[in-house]
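Observations on chain architecture
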Amino acid sequence: MTDFDDIAGDPRLVVTGGLQAVGRYAVLGHPVDHSRSPQLHNAWFEQANLVSIYERTDIHPDDLIQEAPSLPYRWAGM
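The following paragraphs examine the structure supplied in this document. (Residues numbered from 1 in each chain as written. Predicted model: local features only at pLDDT ≥ 70, side-chain atom pairs only at ≥ 80, totals over all residues. Heavy atoms only, no water.)

1. Describing a nonpolar patch on the surface
On the surface, a cluster of nonpolar side chains totalling about 240 Å² of accessible area is made up of Leu-28, Leu-64 and Met-78. Judged by its relative accessible area of 46%, Met-78 falls in the partly exposed class. (Patch = residues over 30% accessible without salt bridge, like charges linked within 9 Å, V, L, I, M, F, W, Y side chains within 5 Å. Areas by Shrake-Rupley, 256 points an atom, 1.4 Å probe, with all protein chains shown as cover. Salt bridge = Lys/Arg side-chain N within 4 Å of Asp/Glu carboxyl O. Buried < 20%, exposed > 50% of the residue type's maximum accessible area, 1.4 Å probe, protein only.)

2. Some thoughts on unusual backbone geometry
Cis rather than trans, the peptide bond between His-30 and Pro-31 has omega equal to -10°. For Pro-31, the position within the fold is in the loop between β1 (24–29) and α1 (37–47). (Helix = DSSP H or I, 4+ residues; strand = E, 2+ residues; numbered from the N terminus.)

3. Some remarks on the side chain of Ser-35
Position of Ser-35 relative to the elements: it lies in the loop between β1 and α1. Within the structure, Ser-35 has its side chain in polar contact with the backbone nitrogen of Ser-37 (distance 3.1 Å). (Polar contact = N/O pair within 3.5 Å; in protein donor to acceptor, adjacent residues only side chain to side chain.)

4. Focus: the pairing of strand β2 (residues 53–58)
Pairing geometry for β1 and β2, over 6 bridges, is parallel. By the bridge assignment, Leu-28 is partnered in β2 with Thr-57. Running through α1, the crossover from β1 to the neighbouring parallel element β2 is right-handed. (Pairing = 2+ DSSP bridges. Right-handed = clockwise from strand over helix to strand, strands pointing away.)

5. Regarding the pattern of salt bridges
Under the criterion given, the structure shown has 2 salt bridges. A salt bridge links Glu-55 to Arg-24; the shortest N-O distance between them is 2.9 Å. One end of the pair, Glu-55, is in strand β2; the other, Arg-24, is in strand β1, with 31 residues separating them in the sequence. The exposure class of Glu-55 is partly exposed, given its relative accessible area of 22%.

6. Structural notes on the environment of Val-22
Turning to its location among the elements, Val-22 is positioned in the segment before β1. Residue Val-22 is classed as exposed on the basis of its relative accessible area, which comes to 63%. Between the alpha carbons of Val-22 and Arg-74 there is a distance of 8.5 Å; along the sequence they are 52 residues apart.

These values are about where atoms sit, not about what they do.
Written out as structure tokens, the structure is:
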């Protein structure tokens with residue numbers, strides 16, 4: 001047994017996902033509309049024949065504390 005927690009410790013202990021998160025990735029910011037990350041990553045996913053999507057996620061800093069706990073359940077990576 002380790003003494004790591006899932007936030008600051010061993011990343012293998014982080015519980016993420018659920019069916020909603022599988023293959024979903026995002027860039028997080030505010031504002032985030034200018035980001036080209038979705039274009040670049042989605043083109044790569046398509047070229048690699050991966051069933052994945054990369055999205056923009058605009059979360060205002062004032063809302064981040066409230067939204068943060070759900071992020072690992074909504075996306076596989078950010």
